[in-house]
Amino acid sequence: MSQYSSIPESSSTPESGSVPASGPSPASGSAPAADWGAVVGTLRAAGCVFAEDEARLLIEAADTPAALRDMVAQRVAGLPLEHIVGWVEFCGLRVAVDPGVFVPRQRTGLLVRRAAAQAASAPGSVTGPAAAGPAAGPAAADPTAAARPVVVDLACGSGAVGMAVAALVPNAALYAVDIEPAAVRCARRNLTPIGGQVYEGDLYAPLPDRLRGHVDVVVANVPYVPTDAVGLMPREARDHEPRVTLDGGFDGLDVLRRVAQRAGDWLVPGGQVLMEIGEDQADAAVGALTGTGLAAAVENDDDLHAWIVVGRRQR
Ligand SMILES: C[S@@+](CC[C@H](N)C(=O)[O-])C[C@H]1O[C@@H](n2cnc3c(N)ncnc32)[C@H](O)[C@@H]1O
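Calculation criteria
Residues numbered from 1 in each chain as written. Predicted model: local features only at pLDDT ≥ 70, side-chain atom pairs only at ≥ 80, totals over all residues. Helix = DSSP H or I, 4+ residues; strand = E, 2+ residues; numbered from the N terminus. Buried ≥ 20, exposed ≤ 12 C-beta atoms within 10 Å, placed from the backbone. Core = buried A, V, L, I, M, F, W, Y, C linked by C-beta atoms within 7 Å. Contact = placed C-beta atoms within 7 Å. Near = placed C-beta within 6 Å. Nonpolar A, V, L, I, M, F, W, Y, C, P; charged D, E, K, R; others polar.

**With respect to unusual backbone geometry**
Its identity as a non-glycine residue notwithstanding, Cys-91 has a phi of 50 degrees, on the positive side. Within the secondary structure, Cys-91 sits in the loop between strand S1 (87-90) and strand S2 (93-96). Here the phi dihedral of Leu-203 falls at roughly 45 degrees; this positive angle occurs in a residue that is not glycine. By the element assignment, Leu-203 lies in the loop between strand S8 (197-200) and strand S9 (215-220).

Structure below.
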C-alpha cells in the first residue's frame, strides 16, 4: 500500500478502522442466520478479507432486507464501507462520513494527539462559554472571563480532527473550514452539536477576521499525495474520494505551503500549525515552514505509520 493511501482495495478492511474487532457472529443478533451466512459469503467471494466484521456492520446498518441487499451490492461494487454505513470510528468517536467526503484515517490520530496537547497547554486566546463553541472575542476584552484555546481545523473534511481535538480539550473554541460543499455539510453535522463553527471556502479565507493573531492551534490534514501518485492509490480512494481531497500537487506539498504562508497571520505568538505529511516529505515540509519564519520540526508515530510537521510562531 502506498504511504499516502489509507484505504486498501476493497479486498480488505479499511485502515480507517470503522471495523472494530469482533467475534464472527452478528453483534445485534437481529439478522437471520441465513442472511448472515449469505452476506459473509458474498463479501468473501468479492475479496473482503474481513468479511465477517463488514457483514456485522452492514447488517447493523440495514433497516430492511432490501436495504441490506443494496448495501452489500454497493460494497461488492467497491464503495468504501464507511460511506455505506455512514460513519467511521476515529479516535474512539463515531464520526459521520458522507459519500464524497474523505474518510478519516487512523494514522491521523497522531495529528489529533499533538494538536490537543498544544491546545490544552495554551494560555487561551478568547473568552466565551466553557464548551467547544464559538468564542466571544479576544481574551483581553474581558480579563475576568475564562480564556479558551482557539483551534482551527483547516481542510476539515468530515470534521473528524476537530471533533477529536474538542473531545480531548472540551473548553476549546473550535472553527473548521473546507472548500468542498459536501464536506462542509458533513462537518456541520459532526461539529455543530458540540458548538463548532464550520465555514466553506479556501483555507483561512472564510474565517472571522477577529481570529487573526488569536489562534492557538491550526491543525490541517491537507491533501498531500503527489499528483503522479494519486493514480497509484487504492481504488476506493481514487474512485470515491474527490481529487481535491487527495492531490497535493507536483510534490504533494502545494496546499501545505499555502497553509504555512499565512499561518503567522492567524497564530498567536507561541501558537502552532500542525500538518500530516508523508515520511519522504519531511525535509521539504520543514523547509516550507521555516521559509515563512516559523520554527519547525517533524514528529512521527511508528505504530500508526504517521508523520506530522509542526510549525511554531516565534513572536
Ligand atoms: C486529506 S482530506 C482530510 C480531511 C480531514 N481533515 C480528515 O483528516 O479526515 C483533505 C481535505 O482538504 C480539503 N481541501 C482541499 N483543498 C482545500 C482548500 N484550498 N481549502 C479548504 N479545504 C481544502 C478537501 O476538500 C478535503 O476535505
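Having seen it, we continue.
**A closer look at helix H6 (residues 160-168)**
Within H6, 7 of the 9 residues are buried, which leaves it mostly tucked inside the rest of the structure. What H6 keeps buried is the set Ala-160, Val-161, Gly-162, Met-163, Ala-164, Val-165 and Ala-166.

**Topic: the nonpolar core**
Membership of the largest hydrophobic core comes to 78 residues, with the highest contact counts inside it found for Val-151, Val-165, Val-218 and Val-259. Beyond its immediate sequence surroundings of up to four residues, Val-165 is in contact with Val-112, Ala-115, Ala-116, Ala-119, Val-151, Ala-172 and Val-219. The next biggest cluster of nonpolar side chains, apart from the first, holds 15 residues, and it includes Leu-57, Leu-58, Met-71 and Val-72.

**Remarks on the site of the ligand**
Lining the immediate environment of the ligand, one finds 22 residues, of which Pro-104, Ala-155, Gly-157, Ile-179 and Asn-221 sit closest. Mapped by element, the contributors of at least two residues to the shell around the ligand are H6 and strand S7 (173-178). Of the residues in the shell around the ligand, the class split is 14 nonpolar, 5 polar and 3 charged.

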